[in-house]
Amino acid sequence: MPAQSPLPSAEAGAAGGREDPAGAGAGARPVWSRDFALFFVARAVARLGDTMLPVALAAGLLQHGYGAGAVGLAMAATSVAFAGLVVFGGVIADRFSTRKLMIGADLVRLGTQSLAAALFYSGHVVLWEICVIGFVNGVAGAVFQPGVASTVPRLASDIQGANGAIRIAESAAQLGGPALAGLLVGFASAGGVFAAHAATYAVSALCLLLLRLAPLVPGGVPEHGGGTFRADLVEGWREFRARTWLWAVIVVWCVYMIAVWGPSVPLVATEVVQQHGPRAYGLINSALGAGTVVGGFLALRLRPRRMLRAGAVSLFVFAGFPATVGADLSVPVMAAGAAVAGAGMSFWGVMWATSVQTQVPPDVLNRIHAYDVAGSLAMMPVGQALAGPAASALGADQVLLVSGAISFAIPVALLSVPAVRDLIRADDPGR
């Protein structure tokens, strides 16, 4: 997805943590430092826990007599809260200490997932209570997520390298999370998965607490600090609209979510499971995850001058994911298509995140990142909702083939916008 400038406004010292007063003038900060390693672990462990959650919800709710609709409702409670409130989370993150907010969000989710674990262990599982817990988690996520964008530039001067490393860690965690959750369900219970998920938030909060973040504006006081909440929200929207390359990508991405990613995820799952069995789907899903790891490594090595142009070109290969399934090719071919698609998507993700973090003014970065996240995710449920009716009308294989064709049109649309294809990286000496 699109998502994520160096030098955000300095934060006040967080309780229990220390701002490094030498950070502003200490020169280049390499990717692998003590502080980046802490953030790296925080993101990897949190991602591991998040990928365990669907398994826990499905296993736990089904075990207690609920159906697939209840599982979807519990998951939707989180996504609706997150998508609806993340823009406001961006404003809050630009007004206050992002680290304090992120730690607070982790602690809230530590509490909610511990409560969920207790409910499942006790056998007292009521759907509305699980949905309320999911909604609170979504609110916490909306507060947490905007701060991710502004934290990376404060930890490493090589922002692209840092984003590549984080992408690799998150992709690897995504590969291992469902398998680990399955083992925990088998050997313990769904409550054990929720307890493990709660522990990942504890680890994340501890790592963030130990960070020493360099103040990025000497004596930094946020420039917008005197404005009202509404004024900050309006300013973020104005800054978002002022960057053609930014809003153009989000507009194209909305189409991508509706026509490609939204329908591809559920239809690939159903088609592969029905035609080849769950093991084949597991293999294809693992291949997709492995491809994202490869894409992260490529993003560590390649340094294109026009990052969005290179990223858009890499998106052409995503067509291999829906198209090979729609054409009902062999499982190895579908797995290869998924792997290539994952690599292209991952490379684009690093190019996009780095562009946003390095091109956007520091005092509005969190708000713009929030608009980015909201815009990127808003249309995904629409695409997922339309997948079923479209498959009924045209056939799932035809919908996937259409999605594959549109996958080629997406990078063409991106490359047709001069502001996107000609954007030069912020650290290019020839700018």
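Residues numbered from 1 in each chain as written. Predicted model: local features only at pLDDT ≥ 70, side-chain atom pairs only at ≥ 80, totals over all residues. Heavy atoms only, no water.

**Here's the deal with the overall build of the chain**
Move 1: When helices and strands are counted, the chain shows 16 helices and two strands.
Move 2: Carbon and sulfur atoms form 69% of the exposed surface of the chain, whose accessible area is close to 17,000 Å². (Helix = DSSP H or I, 4+ residues; strand = E, 2+ residues; numbered from the N terminus. Areas by Shrake-Rupley, 256 points an atom, 1.4 Å probe, with all protein chains shown as cover.)

**Overview of helix 12 (residues 331-359)**
Move 1: The terminal C-alpha atoms of helix 12 lie 42 Å apart, and with 29 residues this matches the ideal 42 Å at 1.5 Å per residue to within 8%.
Move 2: In terms of burial, helix 12 is largely enclosed, as 24 of its 29 residues are buried. (Expected span 1.5 Å × (residues − 1). Buried < 20%, exposed > 50% of the residue type's maximum accessible area, 1.4 Å probe, protein only.)

**Brief notes about a nonpolar patch on the surface**
Move 1: Together, L85, F88, F135 and F229 make up a nonpolar patch on the protein surface, roughly 330 Å² of accessible area in all.
Move 2: Overall, F88 belongs to the partly exposed group, its relative accessible area being 36%. (Patch = residues over 30% accessible without salt bridge, like charges linked within 9 Å, V, L, I, M, F, W, Y side chains within 5 Å. Salt bridge = Lys/Arg side-chain N within 4 Å of Asp/Glu carboxyl O.)

**Description of the pattern of salt bridges**
Move 1: Applying the stated criterion to the full structure yields seven salt bridges.
Move 2: A salt bridge links R43 to E170; the nearest nitrogen and oxygen atoms lie 3.6 Å apart. In this pair, R43 sits in helix 1 (residues 34-63) while E170 sits in helix 5 (residues 159-187), placing the two residues 127 residues apart along the sequence. Exposure class is identical for R43 and E170. Each is buried.
Move 3: Sharing partners across several salt bridges, the network here consists of R309, R421 and D422.

**Looking at the confidence of the model for the chain**
Move 1: When pLDDT is averaged along the chain, the result is 81; 88% of the residues meet or exceed 70.
Move 2: When pLDDT is averaged over each element of the chain, helix 10 (residues 307-314) comes out on top at 95 and strand 1 (residues 18-19) at the bottom at 36.
Move 3: Note that residues 1-28 has pLDDT below 50 and, in this model, 103 contacts with residues that lie over four places away or in other chains.
Move 4: Contacts of residues 216-225 to residues separated by more than four positions or lying in other chains number 22 contacts, the stretch itself having pLDDT below 50. (pLDDT = per-residue confidence, 0-100. Contact = heavy atoms within 4.5 Å.)

**Some thoughts on the nonpolar core**
Move 1: With 58 residues, the main nonpolar core has V86, W245, F321, W348, W352, L414 and V420 as its most contacted residues.
Move 2: Broken down by element, this core gets its largest block of residues, 14 residues, from helix 8 (residues 244-276).
Move 3: Aside from chain neighbours lying at most four places away, what touches V420 is W245, A248, V249, L308, R309 and L414.
Move 4: The next biggest cluster of nonpolar side chains, apart from the first, holds 23 residues, and it includes V152, L155, I166 and L208. (Core = buried A, V, L, I, M, F, W, Y, C linked by side-chain atoms within 4.5 Å.)

**Some points on the packing of helix 7 (residues 229-241) against helix 13 (residues 365-378)**
Move 1: Their axes nearest at 9 Å, the elements helix 7 and helix 13 cross at an angle of 70 degrees. The angle between helix 7 and helix 13 falls in the class roughly perpendicular. Residues D232, L233, E235, G236, W237, E239 and F240 of helix 7 form the contact with helix 13, whose participating residues are R367, I368 and Y371.
Move 2: Of the residues assigned to the contact of helix 7 with helix 13, the class counts are five nonpolar, one polar and four charged. (Axes fitted to C-alpha atoms, helices over the stretch in contact; angles between N-to-C directions. Parallel < 35°, antiparallel > 145°, perpendicular 65-115°, else oblique. Nonpolar A, V, L, I, M, F, W, Y, C, P; charged D, E, K, R; others polar.)

**Focus: the side chain of T324**
Move 1: Relative to the assigned elements, T324 resides in helix 11 (residues 320-326).
Move 2: Of the polar contacts made by the side chain of T324, one reaches the backbone oxygen of F321; its length is 3.4 Å.
Move 3: Residues contacting T324, with those up to four places away along its chain left out, are A319, L329, V333, M334 and G337. (Polar contact = N/O pair within 3.5 Å; in protein donor to acceptor, adjacent residues only side chain to side chain.)

**Looking at the packing of helix 1 against helix 5**
Move 1: Running from amino to carboxyl end, helix 1 crosses helix 5 at an angle of 35 degrees, the nearest separation of the two axes being 7 Å. Every pair of crossing elements has a handedness; the one defined by helix 1 and helix 5 is right-handed. (Left-handed = near helix turned anticlockwise from the far one by under 90°.)

**Describing the packing of aromatic side chains**
Move 1: Counting across every chain of the model gives 12 aromatic pairs.
Move 2: Their ring planes at 65 degrees and their centres at 5.7 Å tell us that Y256 and F318 sit as a pair that is edge-to-face. Of this pair, Y256 sits in helix 8 while F318 sits in the loop between helix 10 and helix 11, and the two are 62 residues apart along the sequence. Both residues of the pair, Y256 and F318, count as buried.
Move 3: Taken together, the aromatic side chains of W245, W253, Y256, W261, F318, F321, W348 and W352 make up a single cluster linked through ring pairs. (Phe/Tyr/Trp six-rings, centres within 6.5 Å; stacked < 30°, edge-to-face > 60°.)

**With respect to unusual backbone geometry**
Move 1: If you check the backbone angles, D328 has positive phi at about 55 degrees while not being a glycine.
Move 2: Mapping D328 onto the fold places it in the loop between helix 11 and helix 12.

**Let's talk about the environment of I133**
Move 1: Mapped onto the elements of the fold, I133 is located in helix 4 (residues 127-151).
Move 2: According to the relative accessible area criterion, I133 is buried, its value standing at 9%.
Move 3: For the pair I133 and L115, spaced 18 residues apart in the sequence, the C-alpha separation amounts to 8.4 Å.
Move 4: Beyond its immediate sequence surroundings of up to four residues, I133 is in contact with T112, Q113, L115, A116 and L119.

**Side note on helix 14 (residues 380-394)**
Move 1: For helix 14, built from 15 residues, the straight-helix expectation of 21 Å at 1.5 Å per residue is met to within 8% by its first-to-last C-alpha distance of 20 Å.
Move 2: At A387, helix 14 shows its largest kink, close to 35 degrees, and the proline P389 lies no more than four residues downstream.
Move 3: Listing the buried residues of helix 14 in full gives G383, A387 and A391.
Move 4: In this structure, the buried side of helix 14 is in contact with helix 8 and helix 15 (396-415).
Move 5: Of the residues trailing helix 14, G395 is marked for its positive phi of about 100 degrees. (Bend = angle between axes of the 7 residues up to and from the residue.)

**Considerations on the environment of G182**
Move 1: Inspection of the secondary structure puts G182 in helix 5.
Move 2: Since its relative accessible area comes to 35%, G182 is described here as partly exposed.
Move 3: Taking the C-alpha atoms as reference, G182 lies 6.9 Å from V55; in sequence the two are 127 residues apart.

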